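# Fold and geometry: a report
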Amino acid sequence: MHKWVVAVVLLVSLGCQRAQPPVLSVGGDFALTDDNGHRFELSSLRGKAILIFFGYTSCPDVCPTTLSKLSSVYKKLGPDAARVKTLFISVDPDRDTPAVLKDDLSSFDLDATGLTGTKAEIDKVVALYGASYEIIPTPQSAMKYTVAHSTTLYALDAAGQTRILFPYEATVGDIVKGLKSILASS
Amino acid sequence: MSTKRSLALAWRLFLAACFLGLVGWNALNAQNADVTAHDAWARLPAKSKMDTALYMIVENRTPQSRTIVSVSTDDAASAEMHQMTMNKMIMVMTPVSQISIPAKGKTSFDPNGFHIMLFGLKMRPELGDKIHVTLKLDDGTTVPVEAIVKK
């Protein structure tokens, strides 16, 4: 009797397993500078699921909001959290030096690395991921300029392939579910 | 009229003008009793920054629409009104010169919408600290805001 129960439970759980999302055409390997000032290559993270988003630290809303959301995602992932790495790519390298990135990311409870580089290096990655940003001068403000940027959150599998594009409105639940489906087949 | 009397009259007129000016000035900067701000909070600034965003709800109990034309603070070098706008997955923060509060209505300042940007905070705040700003309205009156610092 006991063997049958185990067999049925196994079959049901296998059936319920989420299908791996398809590989998307955006994405790819790149090299930038990390928040310790060292050279960083995406390929060094093989074996981990990756979350990537673009932003800048002088942005008071989008980036802290996304980072708080991802901190909650990490909490909900439990032991699987160790298999996920978050990369925050700055589109404002003039202001976002490695030290600034390291400082600002340290306030959040998740495994995140800040990445910066030359404008050319960042533009290459932005184009690779189909993201976008624009520096807009704001002479009337103490800010000098503001940066408009895309808000998509990219989820990559352990082989570095892009699997899911989460919109800004994606909830903690959406992201956890998506990551679990990526991790299940990674 | 003799010169002495002219001077005395001129002096009296000058004093009267100063007095009226002061009275007028006080009336202009008087706190507006019918427009109030509540549930105000400011985000704890990022470690490398002395800038942050302030959110609140501004309520207008008068039968006329009111507009916030400027913001001031003693707690930072400057305060400005800003707005977050999302267009086709692209988010941008832009300074705005005024924000209106509808008659018998309210305007919410929240993440993803309007907020007050505070640049150059004079002291790094801790959770629970209070930050004060003053909103100046189009009719010359003011609205005090006390925001609590949160994560």
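Residues numbered from 1 in each chain as written. Chains lettered and ligands numbered in written order. Predicted model: local features only at pLDDT ≥ 70, side-chain atom pairs only at ≥ 80, totals over all residues.

## Topic: the overall build of chain B
When helices and strands are counted, chain B shows one helix and ten strands. Listing each helix as α and each strand as β along chain B from the N terminus yields α-β-β-β-β-β-β-β-β-β-β. Its C-alpha radius of gyration of 20 Å places chain B more than 25% over the 15 Å reference for a compact globule of 151 residues. With 151 residues in all, chain B has 27% of them scored as buried. Taking the contacts inside chain B whose residues are at least 6 apart along the sequence as the reference set, 67% of them involve residues at least 24 apart. (Helix = DSSP H or I, 4+ residues; strand = E, 2+ residues; numbered from the N terminus. Rg over C-alpha atoms; globule rule 2.2 N^0.38 Å. Buried ≥ 20, exposed ≤ 12 C-beta atoms within 10 Å, placed from the backbone. Contact = placed C-beta atoms within 7 Å.)

## Remarks on the nonpolar core
What tends to happen in soluble globular proteins is that the nonpolar side chains get buried as a cluster. Counting residues in hydrophobic clusters, the biggest one holds 49 residues, and the most contacted among them are Leu51(A), Ile52(A), Ile89(A) and Ala155(A). Discounting residues that sit within four places of it in the chain, Ile89(A) has contacts with Leu32(A), Ile52(A), Phe54(A), Leu115(A), Ile122(A) and Val125(A). With 27 residues, the next largest nonpolar core counts Tyr55(B), Ile131(B), Val133(B) and Ala147(B) among its residues. (Core = buried A, V, L, I, M, F, W, Y, C linked by C-beta atoms within 7 Å.)

## Some points on unusual backbone geometry
The backbone of Lys144(A) shows a phi angle near 75 degrees, a positive value even though the residue is not glycine. With respect to the helices and strands, the residue Lys144(A) is situated in strand E7 (residues 144–150). Given 12 C-beta atoms within a 10 Å radius, Lys144(A) is considered exposed. Unlike most non-glycine residues, Lys88(B) shows phi in positive territory, near 50 degrees. Mapped onto the elements of the fold, Lys88(B) is located in the loop between strand E4 (76–87) and strand E5 (90–96).

## Description of the environment of Leu15(B)
All names here are of chain B. Assignment of secondary structure puts Leu15 in helix H1 (residues 3–28). For Leu15, a count of 10 C-beta atoms within 10 Å translates into the label exposed. Along the backbone, Leu15 and Pro102 are 87 residues apart, and their C-alpha atoms lie at a distance of 40 Å.

## Comments concerning the domain arrangement of chain B
Entries for chain B in the domain assignment read domain 1 (1–30) and domain 2 (35–150). A C-alpha centroid distance of 38 Å is found between domain 1 of chain B and domain 2 of chain B. (Domains from an automatic or database assignment.)

## Quick word on the sheet that holds strand E8 (residues 153–156) of chain A
All names here are of chain A. Spatially, seven strands are ordered E2-E1-E5-E4-E3-E8-E9 in an open sheet, and the strand pairing comes out mixed. Either end of the sheet is taken by a strand with one partner, and the two such strands are strand E2 (39–41) and strand E9 (162–166). When the angles between neighbouring strand axes are averaged without regard to direction, this sheet yields 35 degrees. As judged from the seven bridges shared by strand E3 (residues 49–55) and strand E4 (residues 84–90), these two strands associate in the parallel manner. Residue pairing in the sheet places Ile52 in a bridge with Leu87 of E4. Strands in contact with helix H2 (residues 62–77) are E3, E4 and E8; relative to E3, the strand with the most contacts, it is inclined by about 165 degrees. (Pairing = 2+ DSSP bridges. Axes fitted to C-alpha atoms, helices over the stretch in contact; angles between N-to-C directions.)

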